[in-house]
Number of protein chains: 2
Amino acid sequence: MTRSKSLLINILRNEGLRYTSQRRAVWNELKSSADHRDAEDIYLCLRRKKIRVSRATVYRTIDVLVKNNLVRKMELGDGRALYEPRIGNEHHDHIICLETGKITEFYNEDLEQLQEKIVKQRGYELVRHVHQLFVRPLKK
Amino acid sequence: MTRSKSLLINILRNEGLRYTSQRRAVWNELKSSADHRDAEDIYLCLRRKKIRVSRATVYRTIDVLVKNNLVRKMELGDGRALYEPRIGNEHHDHIICLETGKITEFYNEDLEQLQEKIVKQRGYELVRHVHQLFVRPLKK
DNA sequence: TTTTTTAATGAGACTCATTCTCAATATAAG
DNA sequence: CTTATATTGAGAATGAGTCTCATTAAAAAA
Ligand SMILES: [Mn+2]
Ligand SMILES: [Mn+2]
Ligand SMILES: [Zn+2]
Ligand SMILES: [Zn+2]
């Protein structure tokens, strides 16, 4: 709590930004999320908790958090972006069940290294990647 | 030419759809594309060639083509979807250069199989996947 | 071929997530 | 406490894509 509060303060200070109640609230909401959430969901949750914040500020704050690696953005192709906190949350990719909508996380070292190898071979350096596996439950 | 024309006719017939000049034009435009193109680009190219077609029809036709595996849809997270023909074009994934915007294609058998293994392990069957590597040129 | 049936089209209204504008407000420095 | 200015909220704007509906054109029927 104190840990991540000072985390946010430091990031804001570094960027020359102010530590406001809205930014604190958005980060609190996001960092305590178990699952992957969209901006509207965060906005509505904060409002329900009587926290005075606007959609614009939710979007603006999320941008700051993403830019500073506190939050990861993910797009599944349905129009709205999902977000998840990155603290205590190692890199992983996602399996999305087309039937239930359930999102499972996975991490595979070989896969990660293969990617690095593939881009290096072509004279590139890997900056980030998107890897999503859309699946259906196996029927037996 | 006759080959892919009858390809389109058969697909339309199968779906109980009509073979129209607009559908022919959109498919012709798309199938002869070397690179990855968005709907607006296709719309504008057809208009420039004096082909009478509307945006709505371009979108509707692309949907038919995607649904029938003549065209692949891809989203890079910048808001507009890109499309590429699938005939004479084996499965591949994409490397996107953040500096130049250049899109390179790659295919790696080990990677494809790893994905299958990963989802099977979790009781799923892989339906489709998105794999994009965002890179920067290696400076030496 | 001509007629009939019905799917397809075009123009533009609409949607919806996200971004922008700008006057009012709050933060942090002095 | 005062000042300078970054931040905020309300709602307008944006933009890719979808929808509506009157008109047009395939293609089946005659
Ligand atoms: Mn995740
Ligand atoms: Mn490609
Ligand atoms: Zn990964
Ligand atoms: Zn692949």
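Scroll up to find the structure.
Everything quoted here is computed from the prediction, not taken from an experiment.

Caption draft 1: The arrangement of the sheet that holds strand β4 (residues 93-97) of chain B in detail. Across the sheet, six strands lie side by side as β5(A)-β4(A)-β6(A)-β6(B)-β4(B)-β5(B); this open sheet has mixed pairing. Strand pairing shows two members of the sheet lacking a second neighbour, β5 (103-106) of chain A together with β5 (103-106) of chain B, which therefore form its edges. Here the strands of the sheet are splayed against their neighbours by 25 degrees on average, with no regard to which way each runs. Pairing between strand β4 (residues 93-97) of chain A and strand β6 (residues 124-137) of chain A: four bridges, direction parallel. Across the sheet, A:H94 pairs through a bridge with A:Q132, a residue of β6(A). Of the strands in this sheet, β4 and β6 of chain A together with β4, β5 and β6 (124-137) of chain B touch helix α5 (residues 109-121) of chain A, which is tilted by about 135 degrees from β6(A).

Caption draft 2: Structural context of the side chain of B:T104. Take B:T104: it is sitting in strand β5. Residue classification places B:T104 among the buried residues on the basis of a relative accessible area of 17%.

Caption draft 3: Quick peek at the pattern of salt bridges. Residue and element names in this part refer to chain A. Across all of its chains, the model carries 15 salt bridges over all chains by this definition. Among the ionic pairs, E29 bridges to R37, the shortest N-O distance being 2.9 Å. For the pair E29 and R37, one class covers both residues: buried. Put simply, E29, R37, D41 and K49 are held in one network by salt bridges that share partners.

Caption draft 4: Focus on the interface of chain B and chain A. On the chain A side, the residues contacting the 34 residues of chain B number 34 residues. By the criterion of area lost to chain A, the three top residues of chain B are B:Y124, B:F134 and B:L138, representing 19% of everything that side buries. Linking chain B with chain A are zero salt bridges, by the criterion used here. Here chain B is connected to chain A by twelve residue pairs in polar contact (both at pLDDT 80 or more). Within the residue set of the side of chain B that touches chain A, elements represented by two or more residues are β4, β5, α5 (109-121) and β6 of chain B. Where β6(A) and β6(B) come together, 13 bridges link them in antiparallel fashion. Considered in β6(B), the bridge of A:R136 is made with B:E125.

About the criteria used
- Residues numbered from 1 in each chain as written.
- Chains lettered and ligands numbered in written order.
- Predicted model: local features only at pLDDT ≥ 70, side-chain atom pairs only at ≥ 80, totals over all residues.
- Heavy atoms only, no water.
- Pairing = 2+ DSSP bridges.
- Helix = DSSP H or I, 4+ residues; strand = E, 2+ residues; numbered from the N terminus.
- Axes fitted to C-alpha atoms, helices over the stretch in contact; angles between N-to-C directions.
- Contact = heavy atoms within 4.5 Å.
- Buried < 20%, exposed > 50% of the residue type's maximum accessible area, 1.4 Å probe, protein only.
- Salt bridge = Lys/Arg side-chain N within 4 Å of Asp/Glu carboxyl O.
- Buried area = accessible area lost by both parts, 1.4 Å probe.
- Polar contact = N/O pair within 3.5 Å; in protein donor to acceptor, adjacent residues only side chain to side chain.

From the geometry alone we can't say anything about function, so treat these as descriptive.
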